[in-house]
Amino acid sequence: MGRSGKLTLALKEVTKVPVEKRKEFGLLANEVKQTIEDAIENQKSKLKIKKLSRVVEKMDITNPGIKPQLGHLHLVTQAIEEITGIFEKIGFEKLRYPEVEWDWYALRL
């Protein structure tokens with residue numbers, strides 16, 4: 001069926017067939033080609049059905065599904081994570097520190 005297949009080579013030889021028999025030869029060659037293509041398509045569809053039936057047999061519909069995630073991060077939190085990710089890629093480190101300076105921790109004189 002391919003470029004160098006026997007049927008293709010036979011169809012190329014149609015010029016060597018006498019003119020009065022070319023029509024019969026062409027009809028027969030096309031009929032053979034169509035029969036082969038139909039058989040291949042039929043086999044492909046059988047294999048797809050067989051594969052699908054195996055998948056369905058393996059599937060257990062009694063298993064619980066995957067629950068969707070509830071909620072999402074706040075937009076500001078998403079922005080902070082994105083920005084810190086960018087700065088971490090260029091070499092900065094993320095550190096936590098107390099946001100309010102307490103008298104207890106302040107330098108005593």
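The residue numbers shown here count from 1 along each chain, following its written sequence. A pLDDT threshold of at least 70 governs which residues receive local features in this predicted model, and a stricter bar of 80 or more applies before side-chain atom pairs are shown or counted, although totals over entire chains, interfaces and linings include all residues. Excluded from the side-chain calculations are hydrogens and water; all other atoms, namely the structure's heavy atoms, are used.

Considering the overall build of the protein
No. 1: Counting from the N terminus, the helices are DSSP H or I runs at least four residues long and the strands are E runs at least two residues long. The secondary structure content of the protein amounts to three helices and zero strands.
No. 2: Ordering the α and β elements of the protein from the N terminus gives α-α-α.
No. 3: Taking 2.2 N^0.38 as the reference for a compact globule, 109 residues should give roughly 13 Å; the C-alpha atoms of the protein span a radius of gyration of 36 Å, well beyond that estimate.
No. 4: Expressed along its principal axes, the backbone C-alpha trace of the protein runs to roughly 120 × 45 × 20 Å.
No. 5: Expressed as a percentage of the 109 residues in the protein, the buried residues total 4%.
No. 6: The accessible surface values rely on the Shrake-Rupley method and a 1.4 Å probe; as for residues, cover is taken only from the protein chains in view. Total accessible area computed for the protein in this model is approximately 11,400 Å², and 61% of it derives from carbon and sulfur atoms.
No. 7: Taking the average location of the 20 positive side-chain charges in the protein and that of its 16 negative ones, the two points are 12 Å from each other. Note on method: radius of gyration uses C-alpha positions; expected globular size equals 2.2 Å times residues raised to 0.38. Burial here depends on accessible area, computed with a 1.4 Å probe over protein chains only, as a share of the maximum for the residue type. Under 20% is buried, over 50% is exposed, and the range in between is partly exposed. Counted as positive: Lys and Arg. Counted as negative: Asp and Glu, with His and the chain ends omitted from the count. The atom standing in for a charge is NZ when the residue is Lys, CZ when it is Arg, CG when it is Asp and CD when it is Glu.

Some remarks on the packing of aromatic side chains
To describe a pair of aromatic rings, you give the distance between the ring centres and the angle between the ring planes.
No. 1: Pairing of aromatic side chains requires ring centres within 6.5 Å, counting the rings of Phe and Tyr and the six-membered ring of Trp. Pairs whose planes differ by under 30 degrees are stacked, by over 60 edge-to-face, and all others tilted. If you walk through the whole model with that rule in mind, you get one aromatic pair.
No. 2: Judged by centre distance (5.4 Å) and plane angle (80°), the ring pair of Phe87 and Phe92 falls under edge-to-face.

What to know about the confidence of the model for the protein
No. 1: Confidence along the protein averages 83 in pLDDT terms, with 94% of residues attaining 70 or more.
No. 2: A score from 0 to 100, pLDDT tells how confident the predictor is in each residue. Within the protein, helix α1 (residues 6-12) has the poorest average pLDDT of any element, 75, and helix α3 (residues 75-89) the best, 95.

Focus on a nonpolar patch on the surface
No. 1: Like-charged residues are merged into a patch within 9 Å and nonpolar side chains (Val, Leu, Ile, Met, Phe, Trp, Tyr) within 5 Å, provided each residue has over 30% relative accessible area and no salt bridge. Any Lys or Arg side-chain nitrogen located within 4 Å of an Asp or Glu carboxyl oxygen qualifies as a salt bridge. On the surface, a nonpolar cluster with roughly 530 Å² of combined accessible area is contributed by Leu52, Val55, Val56, Met59 and Ile61.
No. 2: Checked against the element boundaries, Met59 lands in the loop between α2 (19-58) and α3.

Some points on a positive patch on the surface
No. 1: A cluster of basic side chains, namely Lys50, Lys51, Arg54 and Lys58, defines a positive patch on the protein surface.
No. 2: Among the secondary structure elements, Arg54 is positioned in helix α2.
No. 3: For Arg54, a relative accessible area of 47% puts it in the partly exposed group.

Some words on the environment of Ser4
No. 1: Within the secondary structure, Ser4 is located in the segment before α1.
No. 2: Sequence-wise, Ser4 and Lys48 are 44 residues apart; in three dimensions their C-alpha atoms are separated by 28 Å.

A closer look at α3
No. 1: Taking 1.5 Å per residue as the helical rise, α3 with its 15 residues ought to reach 21 Å, and the 21 Å between its terminal C-alpha atoms agrees with that figure.
No. 2: The first or second residue beyond α3 is Gly91, which carries a positive phi of 110°. Each residue after the first adds 1.5 Å to the expected span of a helix.

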